[in-house]
Amino acid sequence: MNRAFEIRRVSRVEACCRPFDWAWPKQNRAFVEENWKRRTAGTALMFNGRVLLLQDVAFEGDVCRNTYFEVDYADFVAWIDAGYPDPAIANGFAMGALRGSDGAYICGVMVAGTANAGRVYFPAGTPDLSDLKPDGTVDLATSLTRELAEETGLSESDYRVADEWIIVQRWPTIALLRLVTLPVTAEEGAARIRANIAAQDEPELQDVRIVRGTEDIDPERMPLFLQSFFGWAFEHRT
């Protein structure tokens, strides 16, 4: 598996889930349990469901092929908090690069009580069992639109999703992005999302932030893969 940093366009992403016996959480069970207690103290926004992590990613021409496996969310969070100690595993997720008709992007600011409280990035989530089809394929396109709906309140009729994928590989993070364009400006889109957030009982976002150029990149609150994407996107004006 190539772990070098790169950003590339592909026409298609094919993903499947296969059994995999992940040794790291078994060997570090005490840390996993204590870390979960610390993470969930005083909050009801985190629960220990099953999620999908990457065990392999490969490119063949303009196709990206991902292989996932199931794991407890608590194991996944512990692996992150321990500093990604197993280099063979990656976090690969679909993400809608939401932008207005004026080309400015709209990021969410995660609410307190979530695993990434205060962080700024596009709506996204680690794939879970709801993305897994009976034949073992992983539906990343639906994962993308579902996360947009859950976090922003926008439905598929509110925007246009590009066909191609933009893969940002910054190991151990693999972000699989699609451009999602609103028919209104970023300011108008942000106002609508803020109204949707205000109407939600348990919102995942506390606010949104508009990114018009590289000067709006926030190195303190944006993950490295997103900083890289914005640098690339504004250079190429996708």
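Residues numbered from 1 in each chain as written. Predicted model: local features only at pLDDT ≥ 70, side-chain atom pairs only at ≥ 80, totals over all residues. Heavy atoms only, no water.

Here we look at the overall build of the protein chain
Working step 1: Each helix and strand counted, the protein chain has six helices and 11 strands in total.
Working step 2: Its C-alpha atoms give the protein chain a radius of gyration of 17 Å, near enough to 18 Å, the size a compact globule of 238 residues would have.
Working step 3: Based on the C-alpha atoms only, the size of the protein chain along its principal axes is roughly 50 × 45 × 35 Å.
Working step 4: Buried positions account for 52% of the 238 residues belonging to the protein chain.
Working step 5: Of the contacts formed within the protein chain by residues at least 6 apart in sequence, a portion of 71% connects residues at least 24 apart.
Working step 6: Only carbon and sulfur atoms are counted for the fraction: they give 48% of the accessible area of the protein chain, which is about 10900 Å². (Helix = DSSP H or I, 4+ residues; strand = E, 2+ residues; numbered from the N terminus. Rg over C-alpha atoms; globule rule 2.2 N^0.38 Å. Buried < 20%, exposed > 50% of the residue type's maximum accessible area, 1.4 Å probe, protein only. Contact = heavy atoms within 4.5 Å. Areas by Shrake-Rupley, 256 points an atom, 1.4 Å probe, with all protein chains shown as cover.)

With respect to the nonpolar core
Soluble globular proteins: nonpolar side chains tend toward being buried together.
Working step 1: Counting residues in each nonpolar core, the largest one holds 61 residues, and the members touching the most others are Tyr105, Phe122, Phe229 and Phe230.
Working step 2: Looking at this core element by element, the count peaks at seven residues for helix α6 (residues 224–236).
Working step 3: With sequence-adjacent residues up to four places away left out, Phe230 is seen in contact with Tyr105, Cys107, Phe122, Val211, Thr214, Ile217 and Met222.
Working step 4: If you look at the next biggest cluster of nonpolar residues, it comprises 16 residues, including Val32, Trp36, Val77 and Ala78. (Core = buried A, V, L, I, M, F, W, Y, C linked by side-chain atoms within 4.5 Å.)

A word on helix α4 (residues 140–152)
Working step 1: Between the first and last C-alpha of α4 there are 18 Å, a value that for 13 residues agrees with the 18 Å anticipated at 1.5 Å per step.
Working step 2: Along α4, the residues classified as buried are Leu140, Ser143, Leu144, Thr145, Arg146, Glu147, Leu148, Glu151 and Thr152.
Working step 3: N-capping of α4 is provided by Asp139, with a side-chain oxygen placed 3.4 Å from the backbone N of Ala141.
Working step 4: With its phi angle positive at about 80°, Gly153 sits one or two positions after the end of α4. (Expected span 1.5 Å × (residues − 1). Polar contact = N/O pair within 3.5 Å; in protein donor to acceptor, adjacent residues only side chain to side chain.)

A short note on the side chain of Thr181
Working step 1: Relative to the helices and strands, Thr181 resides in strand β10 (residues 173–181).
Working step 2: Classification of Thr181 by relative accessible area gives buried; the value is 12%.
Working step 3: There is a polar contact of 3.0 Å between the side chain of Thr181 and the side chain of Arg99.
Working step 4: When neighbours within four sequence positions are excluded, Thr181 is seen to be in contact with Arg99, Gly100, Tyr159 and Arg160.

Some thoughts on the environment of Asp218
Working step 1: Looking at the secondary structure, you find Asp218 in the loop between β11 (205–211) and α6.
Working step 2: According to the relative accessible area criterion, Asp218 is buried, its value standing at 14%.
Working step 3: When the C-alpha positions of Asp218 and Arg119 are compared, they lie 9.8 Å apart, and in sequence the two are 99 residues distant.

Concerning the pattern of salt bridges
Working step 1: Enumeration over the complete set of coordinates arrives at 20 salt bridges.
Working step 2: With a shortest N-O distance of 2.8 Å, Glu14 and Arg12 are connected by a salt bridge.
Working step 3: Judged by its relative accessible area of 29%, Glu14 is partly exposed.
Working step 4: A salt bridge links Asp207 to Arg194; the nearest nitrogen and oxygen atoms lie 2.8 Å apart. With a gap of 13 residues between them, Asp207 in strand β11 and Arg194 in helix α5 (residues 186–199) connect regions that are remote in the sequence.
Working step 5: Residue class for Asp207 comes out partly exposed when judged on its relative accessible area of 30%.
Working step 6: Each member of the salt-bridge network shares a partner with another, and the members are Asp128, Asp131, Arg146, Glu147 and Glu150. (Salt bridge = Lys/Arg side-chain N within 4 Å of Asp/Glu carboxyl O.)

Just distances and angles here, no functional claims.
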